[in-house]
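Observations on the model geometry
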Amino acid sequence: MPTGKKLTYLILVLVVLSWGLNVVMIKFLTQHMSPILVAAIRIPLAGIVLLFFVLKKYGLYNPSKKQWGLLFCIGLISVCLHQLLLGYGVSVTSSANASLILALNPLTTALLASIFVKEKFTRNLGLGILLGFAGVVLVVFSKSPDGTIEFSLIGDVIMLLAMLTYVIGGLLIKKLLETPIPILVVTAYSTLIGGILLNLGTLVSFGPSVYGQIHLSSTAVLVLLLSAWGATALGTLGWNDGIKQLGANRTAMFLNGMPFASMFGGVVFLNEKIAGIHILALILTTLGIVIGSIPKKKVILLESYET
């Protein structure tokens with residue numbers, strides 16, 4: 001495996017770890033303000049720091065009209081709508097249901113990518129997705145006291161839509177990166193667009209007075225900055241680069257590791273315990289990512305000639 005691809009895999013693992021820990025940070029922040037307001041503040045903070053790097057490296061980068069159109073769609077669908085649906089969906093359904101539905105992301109991405117962006121759905125990829133999903137199912141059911149999951153129609157439909165918006169956003173990013181535009185610009189501009197739209201939605205829903213109600217402790221401010229600049233800004237940049245290097249479907253498989261990253265955060269910060277079923281689930285998910293990341297080997301047919 002080339003060194004560049006190893007580095008991409010390492011970055012994606014770190015991204016998923018940061019996103020798993022970000023769940024813990026967002027839960028902490030929602031104790032101080034509503035989930036929508038958390039997103040409306042966190043996303044622009046991430047976009048601003050990314051824009052700083054864009055200006056430093058490329059100056060005032062001006063995409064083409066087609067690129068602006070795709071950037072707006074990514075910001076609207078993958079950032080704004082995803083954050084809104086995710087925030088509301090988690091509040092009206094259980095975390096177990098949310099984990100199961102979000103775990104459908106790799107399979108949905110692979111299927112849609114094979115249809116719309118012509119990425120091949122290989123046998124290794126299918127097996128990797130199956131193993132990864134099995135690991136997530138084990139973790140989710142292990143959290144249920146009686147070993148069953150109760151589904152909530154409205155909440156689960158919202159979570160399904162949240163998952164679909166992120167998948168569609170990933171495919172749009174893949175499409176945009178086929179044009180000559182830097183990945184840093186894509187990440188920064190789409191994040192800023194999504195942040196602006198989130199704040200417009202917040203103003204319409206709650207009015208400008210809602211911002212005056214924000215009173216955060218120094219710890220909460222630190223957590224907010226770590227979430228915005230670490231998990232959201234750098235995490236999204238690493239994720240989008242993975243889509244560019246590996247494709248949307250192979251990158252999406254790494255999302256199977258998010259429940260374990262969240263579990264790790266729970267162990268470190270919330271004193272939660274790890275059971276044997278969690279270790280088994282982690283093994284299944286790791287195998288899934290490894291197998292699914294193996295590219296399809298080219299079959300070389302050697303012609304034989306009679307002498």
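Residues numbered from 1 in each chain as written. Predicted model: local features only at pLDDT ≥ 70, side-chain atom pairs only at ≥ 80, totals over all residues. Heavy atoms only, no water.

**Focus on the nonpolar core**
- The biggest cluster of nonpolar side chains holds 32 residues, and the ones touching the most others in it are Trp19, Leu71, Leu176, Trp239 and Phe254.
- Of all the secondary structure elements, the ones that give two or more residues to this core are α1 (3–29), α2 (35–58), α3 (65–92), α7 (153–176), α8 (183–206) and α9 (218–246).
- Per-element tally for this core: the top contributor is α8, with 7 residues. (Core = buried A, V, L, I, M, F, W, Y, C linked by side-chain atoms within 4.5 Å. Buried < 20%, exposed > 50% of the residue type's maximum accessible area, 1.4 Å probe, protein only. Helix = DSSP H or I, 4+ residues; strand = E, 2+ residues; numbered from the N terminus.)

**Overview of a nonpolar patch on the surface**
- On the surface, Leu7, Leu10, Leu14 and Leu17 cluster together into a nonpolar patch covering about 350 Å² of accessible area.
- Tracing the sequence through the fold places leucine 17 in helix α1.
- Look at leucine 17 and you get partly exposed, because its relative accessible area is 31%. (Patch = residues over 30% accessible without salt bridge, like charges linked within 9 Å, V, L, I, M, F, W, Y side chains within 5 Å. Areas by Shrake-Rupley, 256 points an atom, 1.4 Å probe, with all protein chains shown as cover. Salt bridge = Lys/Arg side-chain N within 4 Å of Asp/Glu carboxyl O.)

**Points about the side chain of threonine 236**
- Tracing the sequence through the fold places threonine 236 in helix α9.
- The class for threonine 236 is buried, based on a relative accessible area of 17%.
- Excluding its chain neighbours within four sequence positions, the residues that come into contact with threonine 236 are Trp19, Thr187 and Ala231. (Contact = heavy atoms within 4.5 Å.)

**Observations regarding the environment of glycine 194**
- For glycine 194, the location among the structural elements is in helix α8.
- Put simply, glycine 194 and valine 79 are 115 residues apart on the chain and 5.0 Å apart in space, counted from C-alpha to C-alpha.
- Residue contacts for glycine 194: discarding those within four places in its chain leaves Ile43, Gly75, Val79 and Cys80.

**Re the environment of serine 114**
- On the secondary structure map, serine 114 appears in helix α5 (residues 105–116).
- Exposure remark for serine 114: the relative accessible area of 28% places this residue in the partly exposed category.

**So, the confidence of the model for the protein chain**
- Here the protein chain shows a mean pLDDT of 77. Residues at 70 or above account for 70%.
- Per-element confidence in the protein chain is highest for α8, whose mean pLDDT is 92, and lowest for helix α4 (residues 95–102), whose mean pLDDT is 62.
- Under a pLDDT of 50 for its full length, residues 298–307 has, in the predicted model, 0 contacts with residues more than four places off or in other chains. (pLDDT = per-residue confidence, 0-100.)

**Side note on the packing of α2 against α8**
- Where α2 contacts α8, the two axes come as close as 7 Å, and the packing angle between them is 150°. As the angle between them shows, α2 and α8 are arranged roughly antiparallel. For α2 against α8, the interelement crossing comes out left-handed.
- Looking at the contact of α2 with α8, its residues break down into 19 nonpolar, 7 polar and no charged. (Axes fitted to C-alpha atoms, helices over the stretch in contact; angles between N-to-C directions. Parallel < 35°, antiparallel > 145°, perpendicular 65-115°, else oblique. Left-handed = near helix turned anticlockwise from the far one by under 90°. Nonpolar A, V, L, I, M, F, W, Y, C, P; charged D, E, K, R; others polar.)

**Details of the packing of aromatic side chains**
- Inspection of the entire model under this criterion finds 3 aromatic pairs.
- Where tyrosine 58 meets tyrosine 61, the ring centres are 6.1 Å apart and the plane angle is 75°; that geometry is what we call edge-to-face.
- Its relative accessible area of 35% is what places tyrosine 58 among the partly exposed residues. (Phe/Tyr/Trp six-rings, centres within 6.5 Å; stacked < 30°, edge-to-face > 60°.)

**Things to note about α8**
- Relative to the 34 Å expected for 24 residues at 1.5 Å per residue, α8 spans 34 Å between its end C-alpha atoms, a close match to the ideal helical length.
- Just downstream of α8 lies glycine 207, where phi reads positive at about 85°. (Expected span 1.5 Å × (residues − 1).)

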